[in-house]
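# Residue-level structure breakdown
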Amino acid sequence: MSLSMTPDLWRSLGGGLLIGAGAAVLLLVDGRIAGISGILENAARGAFGALRWRLAFLVGLVAPAAVYGLGAIRFAEGLPVLAIAGLLVGFGTRMASGCTSGHGVCGLANASLRSLLATLTFMSAAALVVFIVRHGAVP
Amino acid sequence: MTFLAALCAGLLFGAGLLMSRMCDPERVLAFLDIAGPWNPALAFTMGGAVLVAAPAFYFVRKRGADLRGSPTTLPDRFKITPRLIGGSAIFGVGWGLSGICPGPSLLLLTGGSVSAVVFVAAILAGFFASSRIDAAGNRR
C-alpha cells in the first residue's frame, strides 16, 4: 500500500489528536479517565460524580455534533441487528471495564498490557464478524 | 474547575470523533473489513489520540497526582483476566455487527434517528444485564 496522506487521512489524524487532547485534559485537570462506557454507565444510574463531571463531559461530547450536524452517516443494519449489537456492546464493555476510548485510547496511552490485550481482542473479534458478514464465510 | 475541565475535555473529544467521522458506521466497518478495500483512517485516529494522551498519562502515573495535586491512581496495567478477554470479545462482536462503539453512539443520538435511540437503549440494557449478573455473582 502506498501511503500518501490524503485529506481524508489528515482529517482522521487531526480528529485523533483532538480526542487525545480531550483525554489528556480530563486526566491532567480532573484526574479522571475518558472511558465513555464507564462514564455513560455511571451517569445512567444518576452517578454524575464529584461536581457532576460526568454530566459535563457528556454534554461536551455531544455538543459539536449537535451544533455542526453529523454529516453523511449510514447505519449498516436494521433495528433488530442494531438492538442485538447494542446489547453486546453494553454487556461486553462493562464486563471488560472499557471500550474503544477507555482501553483503546487511554489504556494504550498508559502503556497498559491489559488494555493492549483488550484492544487486540475487540479489534480481532470485530474484524472476524465483519469478514463473516461481508464475505459470507468462516475463515 | 472540575466541571469546566470535564466540559472542555468532552468538547475536544466530541469534536475529534466528529472530525475523524468515527460516528459513520459504514466508515468504521470499512476499517474493520481487512479483506475488502481496506481504509486505514481509523488507525490514524487511534494513533493520533494515543500519541497526544501518552505524555499526560506518563506524567500522572509518575507523579501519582493530577496537575492540581489531587492523588490519582490509574487502573491496574497488568492483570489479565478471563473477564477482560471475554468481555472484549463480546464487545468486539457487537462493534463488528454495527460499526458503532459507545462514544459515537452518543453523537449519533443528536441525529434523532430511531436507529440511534434503539442502539443506545440496547447499550444501557447491556450495562444493566452485566451489573445484574455481577450482583448475582457477589451474592454467592
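Overview of the structure. (Residues numbered from 1 in each chain as written. Chains lettered and ligands numbered in written order. Predicted model: local features only at pLDDT ≥ 70, side-chain atom pairs only at ≥ 80, totals over all residues. Heavy atoms only, no water.)

## Some remarks on the overall build of chain B
Helix and strand counts for chain B come out as 6 helices and 0 strands. Its helices and strands taken in sequence order, chain B reads α-α-α-α-α-α from the N to the C terminus. Burial statistics for chain B: of 140 residues in total, 49% are counted as buried. Sequence-distant contacts, at least 24 apart, represent 36% of the contacts inside chain B between residues at least 6 apart. Carbon together with sulfur atoms contributes 68% to the accessible area of chain B, which is approximately 6200 Å² in total. (Helix = DSSP H or I, 4+ residues; strand = E, 2+ residues; numbered from the N terminus. Buried < 20%, exposed > 50% of the residue type's maximum accessible area, 1.4 Å probe, protein only. Contact = heavy atoms within 4.5 Å. Areas by Shrake-Rupley, 256 points an atom, 1.4 Å probe, with all protein chains shown as cover.)

## Description of the interface of chain B and chain A
Between chain B and chain A, the residue contacts involve 103 residues of the former and 102 residues of the latter. At the junction of chain B with chain A, the criterion picks out 5 salt bridges. For Glu-26 of chain B, the salt bridge goes to Arg-134 of chain A, with nearest N and O atoms at 3.0 Å. Inspection of the region where chain B meets chain A yields 20 residue pairs in polar contact (both at pLDDT 80 or more). Put simply, the parts of the chain that give the side of chain B that touches chain A at least two residues each are α1 (2-19), α2 (25-32), α3 (41-63), α4 (82-98), α5 (102-109) and α6 (114-139) of chain B. Residues of the side of chain B that touches chain A, tallied by class, amount to 65 nonpolar, 26 polar and 12 charged. (Salt bridge = Lys/Arg side-chain N within 4 Å of Asp/Glu carboxyl O. Polar contact = N/O pair within 3.5 Å; in protein donor to acceptor, adjacent residues only side chain to side chain. Nonpolar A, V, L, I, M, F, W, Y, C, P; charged D, E, K, R; others polar.)

## A short note on helix α5 (residues 100-109) of chain A
With 9 of its 10 residues buried, α5 of chain A lies for the most part within the structure. By the burial criterion, the buried members of α5 of chain A are Thr-100, Ser-101, Gly-102, His-103, Gly-104, Val-105, Cys-106, Gly-107 and Ala-109 of chain A. Looking at the buried side of α5 of chain A, the elements it contacts are α1 (7-30), α2 (36-44) and α6 (113-135) of chain A together with α1, α3 and α4 of chain B. Just beyond α5 of chain A, the residue with positive phi is Ala-111 of chain A, at close to 50°.

## So, unusual backbone geometry
Here Ser-97 of chain A, not a glycine, exhibits a phi torsion of approximately 55°, which is positive. Along the chain, Ser-97 of chain A falls in the loop between α4 (79-95) and α5. The partly exposed category is assigned to Ser-97 of chain A, whose relative accessible area is 45%. With phi around 55°, Arg-21 of chain B is a residue other than glycine that occupies positive phi space. Within the fold, Arg-21 of chain B resides in the loop between α1 and α2. A relative accessible area of 27% means that Arg-21 of chain B is categorised as partly exposed.

## Quick word on the packing of aromatic side chains
Tallying each qualifying case throughout the model produces 5 aromatic pairs over all chains. Between Phe-122 of chain A and Trp-95 of chain B, the aromatic rings sit 5.8 Å apart at their centres with planes inclined by 80°, giving edge-to-face as the arrangement. A residue pair is termed interchain when its members come from two chains, as with Phe-122 of chain A in helix α6 and Trp-95 of chain B in helix α4. The pair formed by Phe-122 of chain A and Trp-95 of chain B is uniform in burial state, with each residue classed as buried. (Phe/Tyr/Trp six-rings, centres within 6.5 Å; stacked < 30°, edge-to-face > 60°.)

## Focus: the pattern of salt bridges
For the structure shown, the criterion picks out 8 salt bridges over all chains. In this structure, the salt-bridge partner of Arg-83 of chain B is Asp-134 of chain B, at a minimum N-O distance of 3.1 Å. One end of the pair, Arg-83 of chain B, is in helix α4; the other, Asp-134 of chain B, is in helix α6, and 51 residues separate them in sequence. Via salt bridges that share partners, Arg-74 of chain A together with Arg-21 and Asp-24 of chain B belong to a single interconnected network.

## Remarks on the nonpolar core
Core analysis: the largest hydrophobic core is formed by 62 residues, its most contacted members being Phe-57 and Leu-61 of chain A together with Phe-13, Leu-32, Trp-95 and Leu-107 of chain B. Examining the composition of this core, we find that 8 residues originate from one element, α3 of chain B, more than from any other. The residues contacting Leu-61 of chain A, other than those within four sequence positions of it, are Ile-36 of chain A together with Gly-10, Leu-11, Phe-13, Gly-14, Leu-17, Gly-103, Leu-106 and Leu-107 of chain B. (Core = buried A, V, L, I, M, F, W, Y, C linked by side-chain atoms within 4.5 Å.)

## Brief notes about the environment of Val-62 of chain A
Relative to the helices and strands, Val-62 of chain A resides in helix α3 (residues 53-68). Not counting the four nearest positions on each side in its chain, Val-62 of chain A is found in contact with Leu-106, Leu-107 and Thr-110 of chain B.

Honestly, it's all geometry; don't read function into it.
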